[in-house]
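A closer look at the structure
Okay, here's what each chain looks like letter by letter:
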Amino acid sequence: MKKNQIFIKCGTEYKEMTKELLGACDLAGEIERKFEKQEHESSLHNMRIGIKPNLVAPMEAYWGGTTHPEVVAGIVEYLQEKGFSNLVIMEGSWVGDKTSESYEVCGFKSLCEKYNVSFLDMQKEKGVPVECGDMTLNICKSVLDLDFLINVPVLKGHCQTKITCALKNMKGLLPNSEKRRFHALGLHDPIAHLGLAVHQDFIVVDNICGDLDFEDGGNPVEMNRVLAALDPVLMDAYVCDMMYYQPEEVPYITKAAALGVGCADIRQADIQALDGNPGAPIPKSRKVVELADAVEEVESCSACYGNLIPALDRLKQEGLLSKLTTRISIGQGYRNQSGSLGIGRCTRHFTHHLEGCPPTEEEIYEFLKNYLGR
C-alpha cells in the first residue's frame with residue numbers, strides 16, 4: 001500500500017468486509033516491512049501489535065460514537081489468521097466516564113474473551129514524558145512498548161474541532177490529567193504534536209454509522225463504510241472533504257502537516273474503492289455550529305462541552321433555547337472568575353452554575369430548563 005492511498009469498502013457484513021479491506025491493503029505485508037526495517041529480538045509473528053478503537057463513552061456502536069466491535073473483530077481475525085498472536089487492544093475513555101464500563105457496554109469484553117486478546121485501560125496508566133518537536137507530552141507507557149499500532153477511529157463530528165478521526169483518536173492513549181491539559185494548551189497544537197509522539201502504522205476508519213455532530217453519539221447516520229490508510233493527516237483531510245470542511249477549518253490537521261506528520265493536500269490522495277463503490281455522500285450537518293453561538297467556551301474539556309451541546313439541542317427542539325439571553329460560560333479558563341451563567345466545576349463562582357466535572361447531559365438539560373423557567 002502506498003502512503004497516499006485510501007482504500008474504501010462498503011457493505012453490511014462488517015467483520016468480513018474489514019478483512020477483505022485489510023487483504024486488499026496487504027496489512028500483513030506492512031507489518032513485515034516494518035519488521036525488516038527494525039532490529040527485533042523476537043520473531044515477526046511475535047511483534048507487539050496494538051489496536052486502538054474509540055470507546056469514548058459506554059455507548060454501543062449503533063449510537064454513532066464508538067468503534068463497532070465487528071470492525072475490530074475483522075482486524076483481529078485477519079491478524080491471527082496471518083499468524084500474529086501478540087495483540088493488545090488499548091483505550092482510555094474521555095474524562096468523566098470509566099473505560100471499564102465502555103469496555104463492557106461497547107462489546108469489547110466479549111470480543112477480547114472470544115479471541116483471547118488482552119485489553120489495557122489507559123486510564124489506569126501513568127504518563128511518560130515524550131519530546132515531540134517543541135512540546136513535551138505525557139504518553140501512556142504501554143503505547144511506547146508497541147512494535148506496530150493500528151488506529152481504529154470512528155468518522156464523526158466533534159463539538160469543538162468539527163471532525164474527529166485518525167489524529168484526535170490518539171488522545172485515548174493519554175492519562176486523564178494529560179487530556180485535561182490538552183484543552184488548556186488549546187487542543188489543536190497538542191493534537192498535532194501528538195502525531196509526532198505516537199506513530200500510527202495503519203488506520204482503519206469506522207464509517208458505519210458515526211454521529212456527524214456529537215463525539216459521544218446519539219444521532220447516528222448510517223453509511224456502512226470502512227476506510228483504510230497509512231497517513232493519518234491525509235485521512236483526516238479526506239474526512240474534512242467528505243464532511244464539507246476545508247482542512248484549514250480543523251487547525252490540528254494543517255498543524256500536523258507542517259510538523260511533518262503527514263500530507264494535508266487531498267489532491268495527492270489516491271482513492272481506491274473496492275468493487276468500484278465509494279459509498280453515498282455524507283449528508284451535511286451543522287447542528288453544532290448553530291448551537292455553539294449560545295456558548296462562551298475557554299479551555300473546556302471534551303466531556304463537559306460534549307454534554308452541553310446535546311443538552312442545548314434538546315432545549316432547541318422544545319422551543320426553549322430562544323429564551324436564553326445570556327451566553328453560557330464553560331471551561332478551565334473560568335476558574336476563580338465570576339460571571340452570570342456557567343456549567344461545570346470551573347464556574348463555581350458564577351451566580352448561576354452547575355457543579356460537576358463533568359456534569360451529565362441530563363443534569364445540564366434539567367439545570368438550564370429550570371434556569372430558563374425562572
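In this report, the structure presented in the accompanying data block is examined. Keep in mind that what you see is a predicted model, and the values were worked out from it rather than measured.

Cut-off values and rules
- Within every chain, residues take consecutive numbers counted from 1 along the sequence as written.
- A pLDDT threshold of at least 70 governs which residues receive local features in this predicted model, and a stricter bar of 80 or more applies before side-chain atom pairs are shown or counted, although totals over entire chains, interfaces and linings include all residues.
- Each side-chain value is derived from all of the structure's non-hydrogen atoms; neither hydrogens nor water enter the calculation.
- A helix here means a DSSP run of H or I that spans at least four residues, while a strand means a run of E at least two residues long, and both kinds are numbered starting from the N terminus.
- The reference for a compact globule is 2.2 Å times residues^0.38; the radius of gyration itself is calculated from the C-alpha atoms.
- Here's how the labels work: a residue is buried when its accessible area is under 20% of the maximum for its type, exposed when over 50%, partly exposed in between, all with a 1.4 Å probe on protein chains only.
- Whether two residues are in contact is decided by their heavy atoms, any of which lying within 4.5 Å being enough.
- Paired strands, in this sense, are two strands between which DSSP finds at least two bridges.
- To obtain each axis, a line is fitted to C-alpha atoms, and for helices this fit is confined to the stretch in contact; angles are then taken between N-to-C directions over 0 to 180 degrees.
- Note on definitions: the grid is 1 Å and covers protein atoms alone; a cavity is a set of points where a 1.4 Å probe fits but cannot get out; a pocket is an open set with protein on both sides within 12 Å along at least five of seven lines; lining residues have an atom within 4 Å of a point.
- Grid points are joined across faces, edges and corners, and a volume is the space filled by probe spheres set on the points.
- Amino acid classes used here: Ala, Val, Leu, Ile, Met, Phe, Trp, Tyr, Cys and Pro are nonpolar; Asp, Glu, Lys and Arg are charged; the rest, including Gly, are polar.
- In summary, the pairing rule links any two rings of Phe, Tyr or Trp, Trp by its six-membered ring, whose centres are within 6.5 Å, and it sorts them by plane angle into stacked for under 30 degrees, edge-to-face for over 60 and tilted for everything else.
- The criterion is that NZ of a Lys, or CZ of an Arg, lies within 6 Å of the ring centre and within 35 degrees of the ring normal, and then a charge sits over that ring.
- Nonpolar cores are built from buried Ala, Val, Leu, Ile, Met, Phe, Trp, Tyr and Cys residues. Side-chain atoms within 4.5 Å join them into one set.
- One fewer than the residue count of a helix, multiplied by 1.5 Å, yields its expected span.
- Angles are sorted into four bins: roughly parallel if under 35 degrees, roughly antiparallel if over 145, roughly perpendicular if 65 to 115, and oblique for all others.
- Should the near helix be turned anticlockwise from the far one by less than a right angle, the crossing is termed left-handed; should it be turned clockwise, right-handed.

**A closer look at the overall build of the protein chain**
Counting its regular elements, the protein chain contains 13 helices and 16 strands. On C-alpha atoms alone, the protein chain measures out to a radius of gyration of 20 Å, which is about the 21 Å that the 2.2 N^0.38 rule sets for 374 residues. Counting only C-alpha atoms, the protein chain reaches 65 × 45 × 40 Å along its principal axes. Across the 374 residues of the protein chain, 59% fall into the buried class. The contacts of the protein chain with a sequence gap of at least 6 include a subset with a gap of at least 24, amounting to 72%.

**Regarding unusual backbone geometry**
Residues C357 and P358 are joined by a peptide bond in cis, for which omega reads 0 degrees. By the secondary structure assignment, P358 is in the loop between β16 (352–354) and α13 (361–372). Even without being a glycine, D26 presents a positive backbone phi close to 55 degrees. Mapped onto the elements, D26 comes out in the loop between α1 (14–25) and α2 (27–37). On the accessibility criterion, D26 (32% relative accessible area) is partly exposed.

**A closer look at the sheet that holds strand β13 (residues 295–297)**
Read from one edge of the open sheet, four strands run β13-β14-β15-β16, paired in parallel fashion. Of all the strands in the sheet, the pair left with one neighbour each is β13 and β16. Taken over all neighbouring pairs, the strand axes of this sheet differ in orientation by 25 degrees on average, direction set aside. Looking at chain direction, β13 and strand β14 (residues 328–330) are connected through three bridges and run parallel. Within β14, the position partnered with V295 by the bridge is I328.

**Focus on empty space enclosed by the protein**
Applying the stated criterion across every chain, the model contains three cavities of 30 Å³ or more. If you add up the space inside the largest cavity, you get close to 210 Å³. Lining the largest cavity we find 20 residues, and of these W94, K168, K171, G172 and E215 sit closest to its centre. Elements represented by at least two residues in the lining of the largest cavity include exactly α7 (176–184) and α12 (302–317). The element best represented in the lining of the largest cavity is α7, accounting for three residues. Class assignment of the residues belonging to the lining of the largest cavity gives a composition of five nonpolar, eight polar and seven charged.

**A look at the packing of aromatic side chains**
Going through the model one piece at a time under the given rule, you end up with three aromatic pairs. When the ring of Y334 is compared with that of F350, the centres are 5.8 Å apart and the planes differ by 90 degrees; the resulting orientation is edge-to-face. You can see Y334 sitting in the loop between β14 and β15 (341–343) and its partner F350 sitting in the loop between β15 and β16, a full 16 residues away along the chain. The exposure class of F350 is buried, given its relative accessible area of 6%. In this arrangement the basic side chain of R314 is found over the ring face of Y365, its NZ or CZ atom lying 3.9 Å from the centre.

**Some words on the sheet that holds strand β4 (residues 118–121)**
Overall, mixed pairing links the eight strands, which are arranged β4-β3-β2-β7-β10-β11-β1-β12 in an open sheet. This sheet does not close on itself; its edge strands, each paired only once, are β4 and β12 (270–273). Averaged over all pairs of adjacent strands, the angle between strand axes in this sheet comes to 20 degrees, irrespective of strand direction. Judged from the three bridges that link them, strand β2 (residues 49–53) and strand β3 (residues 87–91) form a sheet pairing that is parallel. If you follow I49 over to β3, its bridge partner there is L87. Against the sheet, helix α5 (residues 108–115) engages β2, β3 and β4, with an angle of about 170 degrees to β3. In this fold helix α9 (residues 232–242) packs onto β1 (5–10), β10 (202–207), β11 (225–229) and β12, with an angle of close to 145 degrees to the strand it touches most, β11.

**Regarding the side chain of H158**
With respect to the helices, strands and loops of the structure, H158 is situated in strand β8 (residues 156–158). The contacts of H158, once residues within four sequence positions are left out, are I163, T164, K168, D213, E215, V288 and S302.

**Some remarks on the nonpolar core**
Core analysis: the largest hydrophobic core is formed by 54 residues, its most contacted members being I139, I163, L194, V198, M235 and I253. With eight residues, the single largest contributor to this core is α9. For I253, the residues in contact, after removing those within four places along its chain, are I163, L167, V233, D236, A237, C240, P247 and A264. Membership of the second largest hydrophobic core comes to 44 residues, among which are V72, I75, Y78 and F202.

**As for α12**
Here α12 spans 23 Å end to end across 16 residues, near enough to the 22 Å set by a 1.5 Å rise per residue. A large share of α12 lies buried, amounting to 13 of its 16 residues. G319 sits one or two positions beyond α12 and adopts a positive phi of about 75 degrees.

**Quick word on the environment of I203**
Inspection of the secondary structure assignment puts I203 in strand β10. With 29 residues separating them in the primary sequence, I203 and P232 have C-alpha atoms 7.0 Å apart. Among residues more than four places away in sequence, those in contact with I203 are N151, P153, A166, L227, A228, A229, L230, D231, P232 and M235.

**Some remarks on the packing of α9 against helix α10 (residues 251–258)**
Interaxial distance between α9 and α10 falls to 10 Å at its minimum, and their mutual angle equals 150 degrees. Classified by the angle their axes make, α9 and α10 are roughly antiparallel. The hand of the α9/α10 crossing is left-handed. Residues V233, D236, A237 and C240 of α9 form the contact with α10, whose own contacting residues are Y252, I253, A256 and A257.

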